[in-house]
Amino acid sequence: MVTTPLLPSDYLDLVSPLRAGADLRGRIESVHPETGDAATIVIRPGRGWRGHTAGQYVRIGVDVDGVRLWRAYSVTSPTDRQDGRVTITVKAIPDGKVSNHLVRRTKPGTLIQLDQATGDFVLPQAKPAKVLYLTAGSGITPVMGMLRDTEFDDVVMVHSAPQPQDVIFRNELHDLVADKKLRLTELHTDTDGILDIASLDELVPDWTERETWACGPAGLLDAAEKHWTEHGVQERLHTERFRPSIVVAGDGGEVTFSTTGKTVDADGATPLLDVGEEAGVLMPSGCRMGICFGCVTPLKTGAVRDLRTGEITEAEPGVLIQTCVSAAAGPCDIER
Ligand SMILES: Cc1cc2nc3c(=O)[nH]c(=O)nc-3n(C[C@H](O)[C@H](O)[C@H](O)COP(=O)(O)OP(=O)(O)OC[C@H]3O[C@@H](n4cnc5c(N)ncnc54)[C@H](O)[C@@H]3O)c2cc1C
Ligand code: FES
């Protein structure tokens with residue numbers, strides 16, 4: 001017992017990793033290509049899984065080249081899937097560590113760490129009479145979870161992707177259209193250009209009356225928030241962002257990760273989470289966009305800037321920072 005760092009639970013993990021009482025894990029059972037760069041991953045969650053609400057996301061911890069990396073993915077399966085499996089659908093982005101690993105290299109049988117589903121990008125208890133889904137690219141994933149889960153009498157979707165073959169779930173969307181369960185406007189941005197938000201007046205003339213769920217790149221969501229606000233219907237718009245909107249950058253500084261004993265120069269625009277990972281420091285993380293608090297870390301000395309607001313936080317005893325949305329604002333010491 002003195003010489004081994006392993007606990008009895010570690011041995012149990014070897015034989016029964018999905019058992020009740022173990023840290024929640026999932027086993028990847030299969031990977032189904034959706035487009036050239038997106039795939040659906042079928043996961044069997046362990047016994048402690050409490051289910052999800054359509055539109056929510058899960059944080060998963062995946063080992064990539066020996067390093068455990070955490071990312072958030074929307075659940076794309078319906079809540080009543082009979083076999084108890086859940087799916088996420090991942091789009092590989094250029095140079096993306098986890099997304100490329102999941103889409104191109106993951107093998108069935110792989111164990112991953114899994115957190116309970118969370119997030120408030122969900123449908124309300126009372127069904128709205130009219131719904132609009134405004135999506136682009138991989139932003140279709142939480143909405144597909146909703147479409148598969150709940151039927152509405154009047155649903156319109158406006159979805160953008162570069163080309164027809166890039167539209168994730170295209171066949172299923174077209175089946176819903178054929179069954180008259182969905183009205184779909186598909187925009188192919190390589191030929192049509194990106195959606196001009198003002199064109200909603202023509203595409204969906206009653207858009208102001210519709211409860212709207214929007215997910216896609218920052219440009220689309222920023223434009224939608226402005227447009228809905230200008231028309232006084234902002235309470236009808238629900239948005240989900242996959243990345244934080246970064247508004248402010250300032251001077252950086254020398255960052256010390258005192259527990260690991262590493263010091264590096266950082267600019268004022270790069271999140272300390274990325275700075276630490278790049279330097280080989282083990283950094284906890286989750287959503288990487290300031291919502292899950294999976295990355296909070298004590299700031300021992302110095303100051304950091306919140307990349308979303310520009311606000312400066314100075315070190316004081318007990319001060320915690322979110323490393324995914326904080327950058328160095330001068331020299332600082334992070335307890336990692
Ligand atoms: C609530 C939530 C739900 C999400 N749901 C999904 C989902 O269902 N499907 C899905 O594919 N992704 C989803 N994401 C995004 C996902 O968590 C990862 O950010 C994405 O897979 C990239 O991770 P990576 O390790 O491949 O890239 P990294 O190695 O972290 O980053 C590589 C490079 O790409 C940039 N980058 C990081 N994220 C993005 C992005 N989303 N778009 C463009 N560039 C980026 C980085 O700045 C960096 O330069 C979700 C994110 C959140 C917060
Ligand atoms: S990783 Fe989720 S808040 Fe920082």
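Before reading further, recall that the structure is shown in the block above.
It should be emphasised that the depicted structure is a prediction, and the values quoted were computed from it without experimental measurement. (Residues numbered from 1 in each chain as written. Chains lettered and ligands numbered in written order. Predicted model: local features only at pLDDT ≥ 70, side-chain atom pairs only at ≥ 80, totals over all residues. Heavy atoms only, no water.)

Q: How would you summarise helix α3 (residues 140-149) if you had to cite specific residues and measurements?
A: Counting buried positions along α3 gives eight out of ten residues, so the element sits mostly inside the fold. The set of residues buried in α3 consists of Ile140, Thr141, Pro142, Val143, Met144, Gly145, Met146 and Leu147. In this structure, the buried side of α3 is in contact with β4 (67-74), β5 (86-91), β7 (131-136), β8 (155-161), α4 (170-178) and β10 (211-215). (Buried < 20%, exposed > 50% of the residue type's maximum accessible area, 1.4 Å probe, protein only. Helix = DSSP H or I, 4+ residues; strand = E, 2+ residues; numbered from the N terminus. Contact = heavy atoms within 4.5 Å.)

Q: Give a detailed account of the packing of aromatic side chains, specifying residues and quantitative values.
A: Overall, the coordinates contain two aromatic pairs when judged by the stated rule. Note on Tyr133 and Trp213: the rings are 6.3 Å apart at their centroids and 55° apart in plane angle, and the pair reads as tilted. Of this pair, Tyr133 sits in strand β7 while Trp213 sits in strand β10; the two residues are 80 residues apart in sequence, bridging distant segments of the chain. On the accessibility criterion, Tyr133 (0% relative accessible area) is buried. Of note, Arg59 hangs over the ring of Trp70, and the distance from its end group to the ring centre comes to 4.7 Å. Sitting above the plane of the Phe152 ring, Lys127 keeps its charged end 5.8 Å from the centroid. (Phe/Tyr/Trp six-rings, centres within 6.5 Å; stacked < 30°, edge-to-face > 60°. Lys NZ or Arg CZ within 6 Å of the ring centre and 35° of its normal.)

Q: Go over the site of ligand 1, please, and point to the residues and values.
A: Near ligand 1 there are 21 residues, and of these Arg71, Ala72, Tyr73, Ser99 and Arg243 occur at the shortest range. A distance of 2.7 Å separates an oxygen atom of ligand 1 from a polar side-chain atom of Tyr73. In this structure, Thr89 approaches ligand 1 through a main-chain N or O atom, which is 2.9 Å from a nitrogen atom. Expressed as a share of its isolated accessible area of 910 Å², the protein-covered part of ligand 1 is 80%. Using a 2 Å cut-off from the grid points, one finds that ligand 1 occupies the largest pocket. Secondary structure elements with two or more residues in the shell around ligand 1: β4, β5 and α2 (97-105). When residues in the shell around ligand 1 are grouped by element, the largest group, four residues, is from β4. A breakdown of the residues in the shell around ligand 1 according to their chemical character gives nine nonpolar, five polar and seven charged. (Near = heavy atom within 4 Å. Polar contact = N/O pair within 3.5 Å; in protein donor to acceptor, adjacent residues only side chain to side chain. Areas by Shrake-Rupley, 256 points an atom, 1.4 Å probe, with all protein chains shown as cover. 1 Å grid on protein atoms, 1.4 Å probe; cavity = no way out; pocket = protein on both sides within 12 Å on 5 of 7 lines; lining within 4 Å. Sits in = over half its atoms within 2 Å of the grid points. Nonpolar A, V, L, I, M, F, W, Y, C, P; charged D, E, K, R; others polar.)

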